[in-house]
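Inside the fold
Single-letter residue listing:
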Amino acid sequence: MSGGSRGIGHAIAVALAGRGAHIAMLAKTDTPHPKLAGTVHTAVADVEAAGGRGLAIVGDLREDADVLRAVDTTVSEFGGVDIVINNASAIDLSTTEALDMKRYDLMHDINVRGTFHLSKTAMPHLRQAAADGRHAQILTLSPPLTGADGRLDPQWFGRHLGYTMAKYGMSMTTAGLAQELAADGVDVNSLWPATLIDTAAIRAMPGGEEMIRSARTPGVVADAALALLSGAAGRRTGEFLTDAKVLAAAGVEDLSDYAVEHGRELIPDIFL
């Protein structure tokens, strides 16, 4: 997993750990952030407390050597790679003129290049896992490329072009790798929250503390990821799924317990 020190990635890791998963996390968070709770080391401790086995790999997804080291270390420690979770992502919702190019580069280096490189590096091991009879998968936290009408929705480009390009780049990786790996038995999908999720990134936005009152907890995405990766929601590949759709396929229709504040009208997530 890329990232996972906090937020949705952390919730997914802990949920998988509850099923006994071995989880390697590649993240930069070696020391505590002054404003954000959680490091890769505390995340691994949470994984192990939940019943899994954790491996902290301190590194930068933007550095080729760190990505290669992360995959090699995972294989050495755990004997292979069955699942890649592309969770790490940078966000900046600025309009085009207001977006600093350093922030643009950060989003594209982490979101698009990082997803591509981690997936690419793990591909031989995923093929081997599938050949050995295990359910090899890539799961990327990225949105659907098109709306219900099958078209790109221009509003997302108009609102935050730089970020939209970066997130859609992650989704294009899903579309491409699903095709490349289909014959090898490796499933590749994207997962996206149907509603706003209570994360530190949202809370840090202007008005974020009020927005999260109309959000769901990260647990809804974590439970959907678990249902998808475990096969409880059925086996599929090349799909762009929301947490609600996955949980419905797994037989969970009532999502009210995931609401941050019961009775509030939920805010749909962007790109939907």
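Located above this text is the structure these notes cover.
Here is a short report on the structure shown in this document. (Residues numbered from 1 in each chain as written. Predicted model: local features only at pLDDT ≥ 70, side-chain atom pairs only at ≥ 80, totals over all residues. Heavy atoms only, no water.)

Position of T121 relative to the elements: it lies in helix α4 (residues 101–131). When its relative accessible area of 15% is taken as the criterion, T121 is described as buried. Of note is the side chain of T121, whose polar atom sits 2.8 Å from the backbone oxygen of H117. Dropping the residues within four chain positions of it, T121 is found in contact with V67, L68 and V71. (Helix = DSSP H or I, 4+ residues; strand = E, 2+ residues; numbered from the N terminus. Buried < 20%, exposed > 50% of the residue type's maximum accessible area, 1.4 Å probe, protein only. Polar contact = N/O pair within 3.5 Å; in protein donor to acceptor, adjacent residues only side chain to side chain. Contact = heavy atoms within 4.5 Å.)

Once that is clear, we can look at the sheet that holds strand β5 (residues 187–192). One open sheet holds the 4 strands; their spatial order is β3-β4-β5-β6, and the pairing between them is parallel. Every interior strand has two partners, whereas the edge strands, β3 (83–86) and β6 (240–242), have only one. When strand polarity is set aside, the average angle formed by the axes of neighbouring strands in this sheet is 25 degrees. Across 5 bridges, the pairing between strand β4 (residues 137–141) and β5 is parallel. For L139, the partnering residue across the bridge sits in β5 and is N189. In the packing of helix α9 (residues 219–230) onto the sheet, the strands contacted are β3, β4, β5 and β6, and the crossing angle to β4 comes to about 160 degrees. (Pairing = 2+ DSSP bridges. Axes fitted to C-alpha atoms, helices over the stretch in contact; angles between N-to-C directions.)

Let's shift gears to the packing of helix α1 (residues 7–17) against helix α2 (residues 40–49). For the pair α1 and α2, interaxial distance at closest approach is 8 Å and the crossing angle is 30 degrees. Judged by the angle between their axes, α1 and α2 are roughly parallel. As α1 packs across α2, the resulting crossing turns out to be right-handed. In contact with H10, A13, V14 and A17 of α1, α2 contributes A43, D46 and V47. Along the lines of polarity and charge, the residues of the contact of α1 with α2 split into 5 nonpolar, 1 polar and 1 charged. (Parallel < 35°, antiparallel > 145°, perpendicular 65-115°, else oblique. Left-handed = near helix turned anticlockwise from the far one by under 90°. Nonpolar A, V, L, I, M, F, W, Y, C, P; charged D, E, K, R; others polar.)

Looking now at α2. Taken residue by residue, α2 has V40, A43, V44 and V47 as its buried positions. Take α2 and look down its axis: the buried residues cluster within an arc of 100 degrees, on one side only. Packing partners of the buried residues in α2 comprise α1, β1 (22–27) and β2 (53–58). The N-terminus of α2 is capped by T39, whose side-chain oxygen sits 3.2 Å from the backbone nitrogen of H41. (Arc of directions from axis to C-beta.)

This next bit is on unusual backbone geometry. Despite not being glycine, F271 has its phi angle at roughly 80 degrees, a positive value. On the secondary structure map, F271 appears in the segment after α10 (243–249). Here F271 falls in the buried class, since its relative accessible area comes to 4%.

Across all of its chains, the model carries 15 salt bridges by this definition. Between R264 and E210 there is a salt bridge, with the nearest N and O atoms lying 3.0 Å from each other. With R264 in the segment after α10 and E210 in helix α8 (residues 208–211), this residue pair connects regions lying 54 residues apart in the sequence. We classify R264 as partly exposed; its relative accessible area is 28%. A salt bridge links E261 to R213, with the nearest nitrogen and oxygen atoms 2.9 Å apart. One end of the pair, E261, is in the segment after α10; the other, R213, is in the loop between α8 and α9, and 48 residues separate them in sequence. (Salt bridge = Lys/Arg side-chain N within 4 Å of Asp/Glu carboxyl O.)

With 38 residues, the main nonpolar core has L61, V84, L126, I138, L181 and F271 as its most contacted residues. Elements with a minimum of two residues in this core: β1, β2, α3 (64–78), α4, α6 (161–180) and β5. With 9 residues, the single largest contributor to this core is α4. Excluding anything up to four places from it in sequence, L126 contacts V81, D82, I83, V84, A136, Q137, I138 and V186. Counting residues in each nonpolar core, the second largest holds 34 residues, with L141, I197, V246 and Y258 among its members. (Core = buried A, V, L, I, M, F, W, Y, C linked by side-chain atoms within 4.5 Å.)

Attention shifts here to the packing of aromatic side chains. Scanning the entire structure with this criterion turns up 5 aromatic pairs. Residues W156 and F271 carry aromatic rings whose centres are separated by 5.7 Å and whose planes lie at 55 degrees to one another, so their mutual orientation is tilted. Of this pair, W156 sits in helix α5 (residues 154–159) while F271 sits in the segment after α10; the two residues are 115 residues apart in sequence, bridging distant segments of the chain. Assessed through its relative accessible area of 5%, W156 is described here as buried. Centroid distance F157 to Y168: 5.5 Å. Interplanar angle 70 degrees. Geometry classified as edge-to-face. Placement of F157 in helix α5 and of Y168 in helix α6 is noted, with a sequence separation of 11 residues between them. In this structure F157 comes out as partly exposed when scored by relative accessible area, which is 26%. These aromatic residues form a ring-pair network of at least three members: W156, F157, Y163, Y168, W192 and F271. (Phe/Tyr/Trp six-rings, centres within 6.5 Å; stacked < 30°, edge-to-face > 60°.)

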